[in-house]
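# Understanding the architecture of this molecule
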Amino acid sequence: MNFLNKIVELITGSSFSFGKKTAVITDRQLIERESQIGRELFGPIPAGHSRDFFCLDERTWVWHEEWRDENNKPVSSTIRYEIQPNGVLKVLPGRVYHYIEGEELSNLLIAVRLYYDRSLREIYGYNPSTGLPISQTAEAAATI
Amino acid sequence: MSPNQQSEVSNSFNFPEARPTPQSIEITGLAQPEISPSPVDFEDLSSTNNTSPLDSVSHEAKDRSPDTQTVSLESLTPEQAVSLFSGLTARLLMVREQAKRQPSIKR
């Protein structure tokens, strides 16, 4: 079970079954799609690393990276960004946390905006600027 | 993993490879998505490209319409940042929730 499965299961309390064909799509599947976009927003992924960046719920964005150390031992790092009334709290492993500010806050905001724009366009088929379905936007443009 | 690599991961949002060119970002052009009954078709996903996210921000800044406002990211207050994050996240989750209800989504 990969990291996405585990964390989504932890939050939603429901398990997921691969290969089970259902009519509806799950949170996990949509998050996985979004994370494919999210992982591209921060430049090249180092060789041997895997990365996820996704919106978990209304208050939480997650960065997760896995790699192997020089002894081929798996290593991972998970950072949560929690949207709180007083700011965006960065939660690092080992109960280390602080509110982010300055350039880091700006860059996270840019990343979230790009994630939002690309997810709406590429996954859900909406124009993020107008809120209209892309097909409808194209039809409107054709009539002008 | 070397200490340098660890540092890079821990400071992942500092974009070590590149710095943001524009210091402002459109914040009021986020229209409320109109939910449509049309199914999401994952077979039609447009291909992703490898352009830098900062290039994309730059491109959006050029296309900004005159009736939108901008806020300098450098002068962004925590309250403004929280408002922006909350707005984007809420809209994203609304669209995601709608997609889950589509009965004919291709998996």
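Summarised in this report is the structure supplied together with it. (Residues numbered from 1 in each chain as written. Chains lettered and ligands numbered in written order. Predicted model: local features only at pLDDT ≥ 70, side-chain atom pairs only at ≥ 80, totals over all residues. Heavy atoms only, no water.)

## Observations concerning the pattern of salt bridges
What the rule picks out here adds up to 11 salt bridges over all chains. Across the salt bridge formed by Lys90(A) and Glu104(A), the nearest N and O atoms sit 2.7 Å from each other. You can see Lys90(A) sitting in strand E4 (residues 87-92) and its partner Glu104(A) sitting in helix H3 (residues 102-124), a full 14 residues away along the chain. In this structure, the salt-bridge partner of Asp117(A) is Arg113(A), at a minimum N-O distance of 3.0 Å. Here Asp117(A) and its partner Arg113(A) are both found in helix H3, 4 residues apart, which amounts to about one turn of the helix. Through salt bridges with shared partners, a single ionic network connects Asp27(A), Glu97(B) and Lys100(B). (Salt bridge = Lys/Arg side-chain N within 4 Å of Asp/Glu carboxyl O. Helix = DSSP H or I, 4+ residues; strand = E, 2+ residues; numbered from the N terminus.)

## Section: the sheet that holds strand E2 (residues 60-68) of chain A
Residue and element names in this part refer to chain A. With respect to topology, 5 strands assemble into an open sheet ordered E1-E2-E3-E4-E5, the strand pairing being antiparallel. A strand with exactly one partner marks an edge of an open sheet, and here the two such strands are strand E1 (50-57) and strand E5 (96-99). Across the sheet, the mean angle separating the axes of adjacent strands is 15° when strand polarity is ignored. Taken together, the 7 bridges between E1 and E2 define a ladder with antiparallel strand orientation. (Pairing = 2+ DSSP bridges. Axes fitted to C-alpha atoms, helices over the stretch in contact; angles between N-to-C directions.)

## Section: H3(A)
All names here are of chain A. Compared with the 33 Å implied by 1.5 Å per residue over 23 residues, the 32 Å span of H3 between its first and last C-alpha is a close match. Most of H3 sits out of view: 20 of its 23 residues are buried. Among the residues trailing H3, Gly125 stands out with phi positive, at a value near 75°. (Expected span 1.5 Å × (residues − 1). Buried < 20%, exposed > 50% of the residue type's maximum accessible area, 1.4 Å probe, protein only.)

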